[in-house]
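Coordinates in review
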Amino acid sequence: MNTTEDRLRAAALAAAGTVAPGSAPPLHLPDQPARRFGVPGPPHRRGWRRWAAPLAAAASVIAVVAASLAITSGGGARARPPVPSGPETAPARAAALASVPPYYLTLTGYSGQPHLHAVLRASATGSVLASVTPPRPYGTFTHVSGAADDRTFVLAAQRWVPVPTGKKSAAAQRLDNAARTKFFLLRFSPTARTARLTALPVPMEPGGLPQEGLTGLAGIALSPDGSKLAIAIDRPAPLPPEITVASVATGSERTWVWQGKGWIGDHMDSFQPLSWAADGRTLAFQQGHGFVTAGARLLDTDLPGGNLRSSSRPAAQWHFAGDNAGNIAITPDGSKIIAPVTTFQRHPSRSVLQITEFSATTGKMVRVAGHWQYAGTAGGQDILWTNPSGSTLIVISPDISPAGHRYLPNPPWAVSVLTGDQLTPLPRANAHYTGEIAW
Amino acid sequence: VKADIPNTAKDRELLPGGTGSQRTAGAPDRAGTLAGTGTGPIGVADARTAVTALYQVHAVGLIRLAIIMTGDRQAAEDVVQEAFCGLFRRWAHLADKDKALSYVRSCALNGCRSELRRRIRNERRATRDTVPADAESAEYAALVGEEHREVLAALRRLPGRQREALVFRFYLDLSEPEIAATMGISQGTVKSTTSRALAALGRLLEEDR
């Protein structure tokens, strides 16, 4: 942050970022306004006063009737047994959509095809607010990540190279993994509905989505105040994976290398293995062994670069089944890790998916936020965003509210807001890879 | 800031956290306007519903604005709460309900100014042994970080108009005409105020080094 403007902007965003969506306290209005209610009219309409008393009386009657109906309705609801995942009402849906950041950035198109561009949408409606294409010579965006405010994002861009395959069905282009990734800062102005893209001085890391036997970008995460960018790099064995944290303003960086067995991120898919706490210092990253055990570790990014294992500490560990372990998130206060835990049973073929909270201090399970069971192999399940308490999440999960012990046959998947047992799909939110959508 | 500042199309959306929702009677849409409340009898229940709905959509954005101005979450929440109570009290007298958001934002900014003035008074009275009046909460300090806190502290030392011009320009990303409309001053004054405020902020930050 070199200029006063930049410093002020970053500081304001950091302060605003301390107020999470949906964290406003309840509104307490006085019982009665100071003055009598009526129909305010222009001064020349003196006759309105004649109607004030009858109108007030009518309003009182309506209010009493409405209150009676509300009480009756409430009594009926209390008399019924609790329904954990009942149909969602319009107010509940609106409240759920209002409890998450107002905008999200997503990459359009189907991954594996060239020229993905970024689209900024309103969380509540899915409407497009701004659209950005990669500046030349870059052909596509590959990853996105957002700061804690609702309008600052980082995009990773990459070149494409033509591939003469001789097959009509094969892609004519592929990601140029020899070229390096370029990072851009995107700042959205809600008033002007414009998005401004600025090239970052962050050194370009090896390019490419992680692919078998190739070095690739396993994930990026912008710190809550937008000042640091964490980058997870996956390398083909026996080269070790690593995490780099770079200053967005200057490009200066520190790198930690994972010495030993196990993986960071997942070489089979491009999901988001990194998550920042609100202090902008603690970075949670996912680390595991094989296709059985996953865990979260906490890296103190104020430490000098070096050995990733010794610079971090384990926070939680769990089992997973399927091709990837899914996204994790750390709550802004750093107290909890939220992770998708999956188990698979072969005979009969059944999977259980649980969104689970772990204490980042003790590693113990604190709460199961969502629970699904269905026939077949476990698929991806991801945590994309959490509010400060972990009570409201944005997840990728089966497109149905947590179903208890009902087995779901091949459920569709969706990006949704999960609050308690209520799952609210976000309009038009979709992501083939979880690194392609951010709040 | 005038209570009846123009509520332009862009102005209506300037608040971060204003997500909008399904438009229902009495509920604010994305622009902060209110459906079904423009005409007709207005009762206490209607006002309560409309103000509560407006609060649900815009409270977070206003608290964010207030916390930048005051640096204190509790004070920010109080200021916003009081602004909405003020809107509720004035509801019947608000001729244009579409300006409700502008009204409540003005109230919140007035509340922030009062809060800062109150702190300055308290600081002058404070003895050596008392807790500084502008002490930020430990949680806020931990979340925001030292570097940012210095900048925000310097921002709060600026005169009110300069402080607000900077926040409108560099946090809310308002254009000069929008800032002029919101603050009730000319575009030329916006330009000069912003320029002077930036220079003053830079000097304050240098002094603090």
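Worth saying up front: this structure is predicted, and the values here are computed from it rather than measured.

Rules behind the numbers
- Residues numbered from 1 in each chain as written.
- Chains lettered and ligands numbered in written order.
- Predicted model: local features only at pLDDT ≥ 70, side-chain atom pairs only at ≥ 80, totals over all residues.
- Heavy atoms only, no water.
- Pairing = 2+ DSSP bridges.
- Helix = DSSP H or I, 4+ residues; strand = E, 2+ residues; numbered from the N terminus.
- Salt bridge = Lys/Arg side-chain N within 4 Å of Asp/Glu carboxyl O.
- Buried < 20%, exposed > 50% of the residue type's maximum accessible area, 1.4 Å probe, protein only.
- Core = buried A, V, L, I, M, F, W, Y, C linked by side-chain atoms within 4.5 Å.
- Contact = heavy atoms within 4.5 Å.
- Axes fitted to C-alpha atoms, helices over the stretch in contact; angles between N-to-C directions.
- Parallel < 35°, antiparallel > 145°, perpendicular 65-115°, else oblique.
- Left-handed = near helix turned anticlockwise from the far one by under 90°.
- Phe/Tyr/Trp six-rings, centres within 6.5 Å; stacked < 30°, edge-to-face > 60°.
- Lys NZ or Arg CZ within 6 Å of the ring centre and 35° of its normal.
- Lys, Arg positive; Asp, Glu negative; His and termini not counted.
- Polar contact = N/O pair within 3.5 Å; in protein donor to acceptor, adjacent residues only side chain to side chain.
- pLDDT = per-residue confidence, 0-100.

Some remarks on the sheet that holds strand β12 (residues 242–247) of chain A
Residue and element names in this part refer to chain A. Overall, mixed pairing links the 5 strands, which are arranged β10-β11-β12-β13-β18 in an open sheet. Across the chains shown, the open sheet's two edge strands, defined by having one partner strand only, are β10 (216–222) and β18 (306–307). Two strands pair when backbone bridges link them, and β10 and strand β11 (residues 228–234) are joined in this way by 6 bridges, in the antiparallel orientation. Looking at the pairing, Gly-219 lines up with Ala-232 of β11.

So, the pattern of salt bridges
Applying the stated criterion across every chain yields a total of 12 salt bridges over all chains. Here Arg-281 of chain A ties to Asp-300 of chain A by a salt bridge, and the two come within 2.7 Å at their closest N and O atoms. Here Asp-300 of chain A lies in strand β17 (residues 293–300) and Arg-281 of chain A lies in the loop between β15 (274–276) and β16 (282–289), a separation of 19 residues in the sequence. For the salt bridge of Glu-164 of chain B with Arg-113 of chain B, the shortest nitrogen-to-oxygen distance reads 2.7 Å. Placement of the pair is Glu-164 of chain B in helix α6 (residues 160–170) and Arg-113 of chain B in helix α3 (residues 100–125), with a sequence separation of 51 residues. Under the relative-accessibility criterion, Glu-164 of chain B is labelled buried at 3%. Members of the salt-bridge network, linked through shared partners, are Lys-228, Arg-281, Asp-300 and Asp-302 of chain A.

Quick notes on the nonpolar core
One finds Ile-68, Phe-84, Leu-87, Leu-155, Leu-166 and Tyr-171 of chain B to be the most contacted residues of the largest nonpolar core, which totals 64 residues. Breaking this core down by element, the ones donating at least two residues are α1 (4–17) of chain A together with α1 (44–70), α2 (73–90), α3, α5 (146–156), α6, α7 (176–183) and α8 (187–208) of chain B. Sorting elements by how many residues they give to this core places α1 of chain B first, with 14 residues. If sequence neighbours within four positions are ignored, Ile-68 of chain B has contacts with Ala-12, Ala-15 and Ala-16 of chain A together with Leu-152, Leu-155, Arg-156, Val-167 and Tyr-171 of chain B.

Side note on the packing of α1 of chain B against α6 of chain B
Residue and element names in this part refer to chain B. Interhelical geometry of α1 versus α6 gives an angle of 135 degrees and a closest axis separation of 11 Å. Taken together, the axes of α1 and α6 lie oblique to each other. The interaxial crossing formed by α1 with α6 has right-handed handedness. For the pair formed by α1 and α6, the contact residues are Leu-65, Ile-68 and Met-69 on the first element and Arg-163, Glu-164 and Val-167 on the second.

Concerning the packing of aromatic side chains
What the rule picks out here adds up to 6 aromatic pairs over all chains. For the ring pair Tyr-55 of chain B and Phe-84 of chain B, a centre distance of 5.0 Å and an interplane angle of 85 degrees mean the geometry is edge-to-face. Of this pair, Tyr-55 of chain B sits in helix α1 while Phe-84 of chain B sits in helix α2; the two residues are 29 residues apart in sequence, bridging distant segments of the chain. With respect to burial, Tyr-55 of chain B and Phe-84 of chain B carry one shared label: buried. Its guanidinium or amino end placed over the ring of Tyr-138 of chain A, Arg-159 of chain A lies 5.7 Å from that ring's centre, counting from NZ or CZ. Sitting over the ring of Phe-170 of chain B, Arg-169 of chain B keeps its end group 5.5 Å from the ring centre.

With respect to the side chain of Asp-225 of chain A
Inspection of the secondary structure puts Asp-225 of chain A in the loop between β10 and β11. Among buried Asp, Glu, Lys and Arg side chains, Asp-225 of chain A stands out as unpaired, with Lys-228 of chain A the closest opposite charge at 7.0 Å. Among the polar contacts made by the side chain of Asp-225 of chain A, one reaches the side chain of Ser-223 of chain A at a distance of 2.9 Å. There is a polar contact of 2.7 Å between the side chain of Asp-225 of chain A and the side chain of Ser-227 of chain A. With residues up to four places along the chain from it excluded, the contact list for Asp-225 of chain A reads Ala-10 and Ala-14 of chain A together with His-148 of chain B.

Focus: the confidence of the model for chain B
Residues and elements named next belong to chain B. Per-residue pLDDT for chain B has a mean of 70; in total, 67% of the residues score no lower than 70. Note that residues 1–41 has pLDDT below 50 and, in this model, 122 contacts with residues that lie over four places away or in other chains. Per-residue pLDDT stays below 50 along residues 126–135; that stretch engages in 5 contacts with residues further than four places along the chain or on separate chains. Predicted as a complex, the structure gets a pTM of 0.59 and an ipTM equal to 0.75.

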